[in-house]
Amino acid sequence: MTEQRVVVVTGGASGIGEGIVRRFAGAGDRICILDINAGRGAAIATELGPDVTFHQVDTSDRAGLEATAEAIGRVDVLVPCAGLLQNAVRVLDMDLEEAERLLRINYLAVLSTCQVFGRMMKAQGAGAIVTIASLTSTRASAQVAYNATKASVMSLTESMAAELGQYGIRVNAVAPGYTLTPAMQARIDSGERDPTAIVEASALKKWVTPEDVANAVYFLCSDQACVITGVTLPIDAGWLAYTAFDAYAAKPPPE
Ligand SMILES: NC(=O)c1ccc[n+]([C@@H]2O[C@H](COP(=O)([O-])OP(=O)(O)OC[C@H]3O[C@@H](n4cnc5c(N)ncnc54)[C@H](O)[C@@H]3O)[C@@H](O)[C@H]2O)c1
């Protein structure tokens, strides 16, 4: 039997983070959910049993993160998944306070989380980190501030991979495509996202699920990925390939 790993997942009380919690818990690891949503986080921990604990913490609160890390004591896998989505806005109208809030949670808090738990991994001489980037890390979209935060997360991932490899720490990112989570469902319900257009823009004509993202994260943290570091892996049902293909002027004739 392989040794039980300690897996820290921020934003683990919903959506992609919850899928990651369930994937690692199902494999017998010890999971620490860090989230601001106490009701949901505690309920998931209770449902999954004693190897899953909930810690209420805001990832933008450095002192709270440090106290939580000290209480946990060890970390083998870190997934800093806590983040906020954004609705479409014109660049010329982007509110700077909102841009600052997105930058604080989606980038600075991810950096801070990686610093706190990365130091523990360095002391241990091993670890795996998987950050959550996005298709907007590399593509334009009308989520003006969100794009910048996710491009920053991808860049940070590469810098961390380069710097921390010498300590036995691997750092990769996943870039989920449109993933059906509570945050995404809320935007569909409010008319901010068109579910038909989303599915049509993918090569596979389907949504990504939190489980799909979780399976990729699990692989990247496994020994099977022992020489993979510094990559950003799209989990997008073929959205990147299809949208480029579909936009190109040369098209095969209709069947
Ligand atoms: N849903 C998508 O299509 C999609 C695509 C690409 C990337 N992502 C990224 O995946 C991550 C999760 O998105 P989701 O759709 O699952 O969202 P979600 O809202 O369903 O889940 C996010 C979780 O993060 C928690 N959280 C938010 N701010 C926090 C903070 N400051 N401290 C601690 N916890 C906090 C929330 O309470 C919630 O439990 C985000 O980083 C998002 O940018 C989502």
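Provided above is the structure to which this section pertains.
Residues numbered from 1 in each chain as written. Predicted model: local features only at pLDDT ≥ 70, side-chain atom pairs only at ≥ 80, totals over all residues.

A. Structural view of the site of the ligand. If you check the shell around the ligand, you find 28 residues, and the closest are Gly-11, Ser-14, Gly-15, Gly-83 and Ala-183. Elements represented by at least two residues in the shell around the ligand include exactly helix H1 (15-26), helix H4 (96-124) and helix H6 (182-189). Among the residues making up the shell around the ligand, the classes are represented as 14 nonpolar, 12 polar and two charged. (Near = placed C-beta within 6 Å. Helix = DSSP H or I, 4+ residues; strand = E, 2+ residues; numbered from the N terminus. Nonpolar A, V, L, I, M, F, W, Y, C, P; charged D, E, K, R; others polar.)

B. Broad picture of the sheet that holds strand E5 (residues 127-132). Taken together, seven strands build an open sheet; the order of strands is E3-E2-E1-E4-E5-E6-E7 and the sheet is parallel. If you trace the sheet from one side to the other, it starts and ends with strand E3 (52-56) and strand E7 (232-235), each paired once. Averaged over all pairs of adjacent strands, the angle between their axes in this sheet comes to 20 degrees, without regard to strand direction. (Pairing = 2+ DSSP bridges. Axes fitted to C-alpha atoms, helices over the stretch in contact; angles between N-to-C directions.)

C. Seen up close, the packing of helix H3 (residues 62-72) against H4. Packing of H3 against H4 brings their axes to within 10 Å, and their N-to-C directions diverge by 25 degrees. What the angle tells us is that H3 and H4 run roughly parallel. Judged by the sense of rotation from one axis to the other, the crossing of H3 with H4 is right-handed. Counting all contacts with H3, which are made through Arg-62, Leu-65, Glu-66 and Ala-69, the residues of H4 involved are Ser-112, Thr-113, Val-116, Phe-117 and Met-120. Looking at the contact of H3 with H4, its residues break down into five nonpolar, two polar and two charged. (Parallel < 35°, antiparallel > 145°, perpendicular 65-115°, else oblique. Left-handed = near helix turned anticlockwise from the far one by under 90°. Contact = placed C-beta atoms within 7 Å.)

D. Structural view of the packing of H1 against helix H8 (residues 210-220). In contact at an axis separation of 8 Å, H1 and H8 are set at 55 degrees when each is read in the N-to-C sense. For the element pair H1 / H8, the angle class is oblique. Between H1 and H8 the crossing geometry is right-handed. Where H1 abuts H8, its residues Gly-15, Ile-16, Glu-18, Gly-19, Ile-20, Arg-22, Arg-23 and Phe-24 lie against Pro-210, Glu-211, Val-213, Ala-214, Asn-215, Val-217 and Tyr-218. Looking at side-chain class alone, the contact of H1 with H8 contains eight nonpolar, three polar and four charged residues.

E. The nonpolar core, seen in detail. One finds Ile-33, Val-174 and Val-217 to be the most contacted residues of the largest nonpolar core, which totals 59 residues. In contact with Val-174, not counting residues within four places along its chain, are Val-130, Ile-132, Ala-133, Val-213, Ala-216, Val-217, Leu-233 and Ile-235. (Core = buried A, V, L, I, M, F, W, Y, C linked by C-beta atoms within 7 Å. Buried ≥ 20, exposed ≤ 12 C-beta atoms within 10 Å, placed from the backbone.)

F. Looking closely at H3. Taken together, the buried positions of H3 are Leu-65, Thr-68 and Ala-69. Viewed end-on, H3 has its buried residues packed into an arc of 100 degrees, placing them on one side of the element. Opposite the buried face of H3, at more than 90 degrees from it, the exposed residues are Ala-63, Glu-70 and Ala-71. If you follow the buried residues of H3, they end up packed against strand E2 (30-35), E3 and H4. (Arc of directions from axis to C-beta.)

G. The pairing of E3, seen in detail. Relative to E3, E2 runs parallel, the two being bridged by five bridges. Residue Asp-35 lies in a different strand from E3, and its bridge partner there is Gln-56. Considered for its hand, the β-α-β crossover made up of E2, helix H2 (residues 38-48) and E3 is right-handed. (Right-handed = clockwise from strand over helix to strand, strands pointing away.)

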